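Below are the chains, spelled out letter by letter.
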Amino acid sequence: QVQLVESGGGLVQAGGSLRLSCAASGRTFSTYVMMGWFRQAPGKEREFVAGITRSGINTMYTDSVKGRFAISRDNAKNTLYLQMNSLKPEDTAVYFCVASSRVVGGRRPDEYNTWGQGTQVTVSS
């Protein structure tokens, strides 16, 4: 069964913004002590983008998006978000919502046991 469903991707011009959402099952969302976003461009390895703890207080980002992207989590709505501002062509990728039910460092893809289907983000120059 699909546990995480991303939405909000699309085509945007460089400098524009997008807000990605990740909806999760209410029965499992509370077990996700760590959630985040990865992205993968064609022919490239999956890359960590951002992570967030259950409380939403602690967040982390890969250096290339720090200051431009903001991850947040609304536990009442069982939803994870990624606000992406000042988008660049190099941000073009499929973005995946991920979740882990155990405490992990949060930057490696093998640390997450649950993955969404991905949503395409394309940034034109």
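The structure we're discussing is the one just above.
Undergrad: Would you mind showing me how to read the state of the cysteines here?
TA: By definition, a disulfide links two cysteine residues through a covalent bond between their sulfur atoms. Counting across every chain of the model gives 1 disulfide. The partner cysteine of Cys 22 in its disulfide is Cys 97, sulfur to sulfur 2.0 Å. The S-S bond linking Cys 22 to Cys 97 shows a torsion near -75°; that makes this disulfide left-handed. Within this pair, whereas Cys 22 is found in strand β3 (residues 18-24), its partner Cys 97 is found in strand β9 (residues 93-100), the two being separated by 75 residues in sequence. Side by side, Cys 22 and Cys 97 carry an identical accessibility label, which is buried.

Undergrad: Quick question: what am I supposed to make of the packing of aromatic side chains here?
TA: For any two aromatic rings, the description comes down to two numbers: the centre-to-centre distance and the angle of the planes. Overall, the coordinates contain 5 aromatic pairs when judged by the stated rule. Measuring from ring centre to ring centre gives 5.6 Å for Phe 38 and Tyr 112, while their planes differ by 75°; the resulting arrangement is edge-to-face. Taken together, the residues span a long stretch of sequence, with Phe 38 in strand β4 (residues 34-40) and Tyr 112 in the loop between β9 and β10 (114-115) at a distance of 74 residues. Comparing Phe 38 with Tyr 112, the two get one shared label, buried. An aromatic cluster is defined as three or more aromatic residues linked by ring pairs; in this entry it consists of Phe 38, Phe 48, Phe 96, Tyr 112 and Trp 115. Stacked on the ring of Tyr 81, the Lys or Arg Arg 19 has its end atom at 4.3 Å from the ring centre. Of note, Arg 46 hangs over the ring of Trp 115, and the distance from its end group to the ring centre comes to 4.8 Å.

Undergrad: I tried to follow the nonpolar core on my own but got confused; where do I start?
TA: Nonpolar side chains in soluble globular proteins tend to be buried together. Grouped together as the largest cluster of nonpolar side chains are 27 residues, with contacts concentrated most on Met 35, Trp 37, Leu 82, Met 84 and Tyr 95. Discounting chain neighbours no more than four positions away, the residues touching Met 35 are Leu 4, Phe 29, Ala 50, Gly 51, Ile 52, Ile 71, Arg 73, Leu 80, Cys 97, Val 98, Ala 99 and Tyr 112. Core analysis: the second largest hydrophobic core is formed by 8 residues, Val 33, Phe 38, Phe 48 and Tyr 112 among them.

Undergrad: I'm lost on the sheet that holds β3 in this one. Help?
TA: The strands making up a sheet associate through backbone hydrogen bonding, with each pair oriented either parallel or antiparallel. In space, the 4 strands of this open sheet follow the order β1-β3-β8-β7, with antiparallel pairing throughout. Lying at the two open borders of the sheet, with one neighbouring strand each, are β1 (4-7) and β7 (69-74). Taking each pair of neighbouring strands and ignoring which way they run, the sheet shows an average axis angle of 15°. Note: β3 against strand β8 (residues 79-84), 6 bridges, orientation antiparallel. Among the inter-strand pairings, Cys 22 is bridged to a residue of β8, identified as Leu 80.

Reading the values: the criteria
- Residues numbered from 1 in each chain as written.
- Predicted model: local features only at pLDDT ≥ 70, side-chain atom pairs only at ≥ 80, totals over all residues.
- Heavy atoms only, no water.
- Disulfide = S-S within 2.5 Å.
- Helix = DSSP H or I, 4+ residues; strand = E, 2+ residues; numbered from the N terminus.
- Buried < 20%, exposed > 50% of the residue type's maximum accessible area, 1.4 Å probe, protein only.
- Phe/Tyr/Trp six-rings, centres within 6.5 Å; stacked < 30°, edge-to-face > 60°.
- Lys NZ or Arg CZ within 6 Å of the ring centre and 35° of its normal.
- Core = buried A, V, L, I, M, F, W, Y, C linked by side-chain atoms within 4.5 Å.
- Contact = heavy atoms within 4.5 Å.
- Pairing = 2+ DSSP bridges.
- Axes fitted to C-alpha atoms, helices over the stretch in contact; angles between N-to-C directions.

Worth remembering: the numbers are spatial, not functional.
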